[in-house]
Amino acid sequence: MGFFSAILGNAGVVQPAELHGEYGVLLADGEAIEIGFKLVRDVFIFTNKRLILVEKQGLTGKKTDYLSIAYKSISRFGIETAGHLDLDAELKIWVSSEAQPSIIRKFNSQVNIYDLQKVLAQHVLG
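So, a few notes on the structure that sits alongside this text. Treat the numbers as computed from the prediction; the structure is a model and nothing was measured.

**Some points on the nonpolar core**
Moving on, step 1. Within the largest apolar cluster, 23 residues are counted, with the highest numbers of intra-cluster contacts made by F37, F44, F46, L51 and I93.
Moving on, step 2. Secondary-structure elements contributing two or more residues to this core are β2 (33-39), β3 (42-47), β4 (50-57), β7 (89-95), β8 (103-107) and α3 (113-125).
Moving on, step 3. Element by element, the count of residues in this core is highest for α3, at 5 residues.
Moving on, step 4. Setting aside anything within four residues of it in sequence, one finds L51 in contact with F44, I45, F46, L67, S68, I69, Y71, I74, I93 and L120.

**So, the side chain of E31**
Moving on, step 1. Inspection of the secondary structure assignment puts E31 in the loop between α2 (16-23) and β2.
Moving on, step 2. One polar contact links E31 to R50, side chain to side chain, over a distance of 2.7 Å.
Moving on, step 3. Beyond its immediate sequence surroundings of up to four residues, E31 is in contact with L26, T47, N48, K49 and R50.

**Some details on the sheet that holds strand β6 (residues 74-80)**
Moving on, step 1. If you walk across this open sheet you meet the 3 strands as β6-β7-β8, and the pairing is antiparallel. The open sheet terminates on both sides in strands that have one partner only, identified here as β6 and β8. Averaged over all neighbouring strand pairs, the angle between strand axes comes to 15°, with direction disregarded.
Moving on, step 2. α3 rests against β6, β7 and β8 of the sheet, and its axis sits at about 165° to β6.

Calculation notes
Residues numbered from 1 in each chain as written. Predicted model: local features only at pLDDT ≥ 70, side-chain atom pairs only at ≥ 80, totals over all residues. Heavy atoms only, no water. Core = buried A, V, L, I, M, F, W, Y, C linked by side-chain atoms within 4.5 Å. Buried < 20%, exposed > 50% of the residue type's maximum accessible area, 1.4 Å probe, protein only. Helix = DSSP H or I, 4+ residues; strand = E, 2+ residues; numbered from the N terminus. Contact = heavy atoms within 4.5 Å. Polar contact = N/O pair within 3.5 Å; in protein donor to acceptor, adjacent residues only side chain to side chain. Pairing = 2+ DSSP bridges. Axes fitted to C-alpha atoms, helices over the stretch in contact; angles between N-to-C directions.

Shown next, in the form of structure tokens:
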């Protein structure tokens, strides 16, 4: 857990205890939240078994889409860093053998895209 503790200073990082309070009902027996990243209304939750993407929808955010991806299903991923004119970084995730990315998410400067890809790499490659 030392690696995760090292990046908890990032403003976009959410403590596991806070995530467990809101999303604990999504967890299977023996599954634990390791770290999460929050983007405005969306959340990336890394557990010891899978990646959970939480997307709040609509004006009120009451409608929520939960996408669960087993790490073994992620065939590749890529990041695009922010530039001078384009201030958003981007994460792309390919599931199985799809030709186009299955998931594309933009991140503002609150989330360190390098930290997020390190966590993803640790699970996908490990």
